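Now for the letters of each chain:
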Amino acid sequence: MRHIVITFMLICTAATVTAQQSSIQFGILTYSESIERAAESQRPVLLYIGHEECGSCLTIQHKIFTDRAIAMMVNDNFVPISVDPHSSFGREICGMFDVETHPAFVVLDSDQNVRHKFVGVFSKDDFVQQLKIGLNDEDGLEEYKRRYAAGERDKVFLLNYISRMRDAGELTSDMVRE
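What you see is a predicted model; the values in this text were computed from it and never measured.

**Student:** Please clarify how the sheet that holds strand β1 (residues 45–49) should be interpreted in this entry.
**Tutor:** Where strands meet in a sheet, backbone hydrogen bonds hold them as pairs that are either parallel or antiparallel. Taken together, 4 strands build an open sheet; the order of strands is β2-β1-β3-β4 and the sheet is mixed. Sheet topology places β2 (79–83) and β4 (114–119) at the edges, where each strand pairs with a single neighbour. The mean angle between the axes of side-by-side strands here comes to 15 degrees, regardless of whether they run parallel or antiparallel. The sheet contact formed by β1 and β2 spans 5 bridges and is parallel. Bridge pairing links V45 to V79 in β2.

Right, dumping it as structure tokens:
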């Protein structure tokens with residue numbers, strides 16, 4: 001009987017570890033704790049802003065967050081945190097990071113500076129590409145905004161800048177006309 005109990009406990013432990021590795025570990029830390037962990041681990045925060053009544057959010061949760069390779073990438077390279085935009089704290093976060101569309105993802109450094117932002121539903125490959133952009137200090141949305149403000153206008157840069165603005169939900173018709 002003792003062997004059965006030990007075997008059962010080992011199977012449960014293995015199942016828990018496998019489940020943790022096969023989904024993104026949102027909700028473990030508070031926002032403040034996530035910022036502290038980011039500073040300690042020198043990893044950026046991946047802030048997910050979404051809710052259960054949002055069809056696009058549910059699509060992301062079921063098709064992207066449960067993908068084993070994506071979960072491992074996020075859990076290994078980011079400090080993930082999820083925020084409900086309908087909570088008082090969530091509304092504050094949406095205002096702080098200019099989020100109007102859900103699902104939204106904001107990549108932050110440990111000083112709460114935005115490195116990259118993207119909104120909406122993406123294929124698995126495109127989601128991974130967005131994560132990679134967020135990991136590269138020189139490739140994120142905020143760096144492109146800085147370079148644009150500094151006057152950079154070559155064609156390749158402008159195409160990438162427009163793509164990042166579109167993916168962040170910040171592209172306007174005035175920008176396209178300019």
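There's more to say after this.
**Student:** Honestly, the environment of R37 in this entry has me stumped. Any pointers?
**Tutor:** Relative to the helices and strands, R37 is located in helix α2 (residues 31–41). The class for R37 is partly exposed, based on a relative accessible area of 36%. Linking R37 and V79, residues 42 residues apart in sequence, is a C-alpha distance of 7.1 Å. In this view, R37 contacts L29, Q42, R43 and V79; residues no more than four positions away in its chain are not counted.

**Student:** I'm lost on the packing of helix α4 (residues 68–77) against helix α6 (residues 124–135) in this one. Help?
**Tutor:** To describe two helices that pack against each other, one gives the angle between their axes and the distance between the axes. It is the contact of α4 with α6, at a shortest axis distance of 11 Å, that shows an interaxial angle of 15 degrees. For the element pair α4 / α6, the angle class is roughly parallel. You can see that α4 and α6 cross each other, and the crossing is left-handed. Facing α4, whose interface residues are I70, M73, V74 and N77, α6 presents K124, F127, V128, L131, K132 and L135. Along the lines of polarity and charge, the residues of the contact of α4 with α6 split into 7 nonpolar, 1 polar and 2 charged.

**Student:** Is there a simple way to explain the pattern of salt bridges in this structure?
**Tutor:** Two side chains bearing opposite charge may form a pair once their charged atoms approach each other closely. Counted according to the given criterion, the structure contains 9 salt bridges. Between K117 and E170 there is a salt bridge; the shortest N-O distance is 2.7 Å. Here K117, found in strand β4, pairs with E170, found in the loop between α8 (155–167) and α9 (173–177); they are 53 residues apart in sequence, far enough to count as distant. Both residues of the pair, K117 and E170, belong to the buried class.

**Student:** When you look at the pairing of β1 in this model, what are you seeing that I'm missing?
**Tutor:** β1 sits mainly inside the fold: 5 of its 5 residues count as buried. Neither face of β1 is exposed, since V45, L47 and I49 on one face and L46 and Y48 on the opposite face are all buried. For β1 and strand β3 (residues 104–108), the ladder comprises 5 bridges, and the chain directions are antiparallel. Within β3, the position partnered with I49 by the bridge is A104.

**Student:** Can you walk me through the environment of L158 in this structure?
**Tutor:** Topologically, L158 is positioned in helix α8. Judged by its relative accessible area of 26%, L158 falls in the partly exposed class. For the pair formed by L158 and Y148, sequence separation is 10 residues and the distance between their alpha carbons is 8.2 Å. Excluding its chain neighbours within four sequence positions, the residues that come into contact with L158 are Y148, E152 and R153.

**Student:** Help me understand α4, please; the structure alone is not making it clear to me.
**Tutor:** Residue pairs three or four apart in sequence face the same way in an α-helix, which turns once every 3.6 residues. Within α4, burial applies to I70, A71, M73, V74 and N75. At the N-terminal end of α4, a side-chain oxygen is found 3.2 Å from the backbone nitrogen of A69, two or three residues along, and the residue is D67.

**Student:** Would you mind going over α8 with me for this structure?
**Tutor:** Taking 1.5 Å as the rise per residue, α8 with 13 residues should run 18 Å; its terminal C-alpha atoms sit 18 Å apart, in good agreement. Taken together, the buried positions of α8 are occupied by F157, Y161, R164, M165 and D167. Buried positions in α8, seen along its axis, are confined to an arc of 165 degrees and lie on one side of it. Those residues of α8 that are exposed and aimed more than 90 degrees away from the buried face are K155, V156, L159 and R166. On its buried face, α8 sits against β4, α6, α7 (141–149) and α9. The opening residue of α8 is D154, an N-cap whose side-chain oxygen sits 3.3 Å from the backbone nitrogen of V156. One or two positions beyond α8, positive phi appears at G169, with a value near 75 degrees.

Cut-offs and rules
- Residues numbered from 1 in each chain as written.
- Predicted model: local features only at pLDDT ≥ 70, side-chain atom pairs only at ≥ 80, totals over all residues.
- Heavy atoms only, no water.
- Pairing = 2+ DSSP bridges.
- Helix = DSSP H or I, 4+ residues; strand = E, 2+ residues; numbered from the N terminus.
- Axes fitted to C-alpha atoms, helices over the stretch in contact; angles between N-to-C directions.
- Buried < 20%, exposed > 50% of the residue type's maximum accessible area, 1.4 Å probe, protein only.
- Contact = heavy atoms within 4.5 Å.
- Parallel < 35°, antiparallel > 145°, perpendicular 65-115°, else oblique.
- Left-handed = near helix turned anticlockwise from the far one by under 90°.
- Nonpolar A, V, L, I, M, F, W, Y, C, P; charged D, E, K, R; others polar.
- Salt bridge = Lys/Arg side-chain N within 4 Å of Asp/Glu carboxyl O.
- Polar contact = N/O pair within 3.5 Å; in protein donor to acceptor, adjacent residues only side chain to side chain.
- Expected span 1.5 Å × (residues − 1).
- Arc of directions from axis to C-beta.

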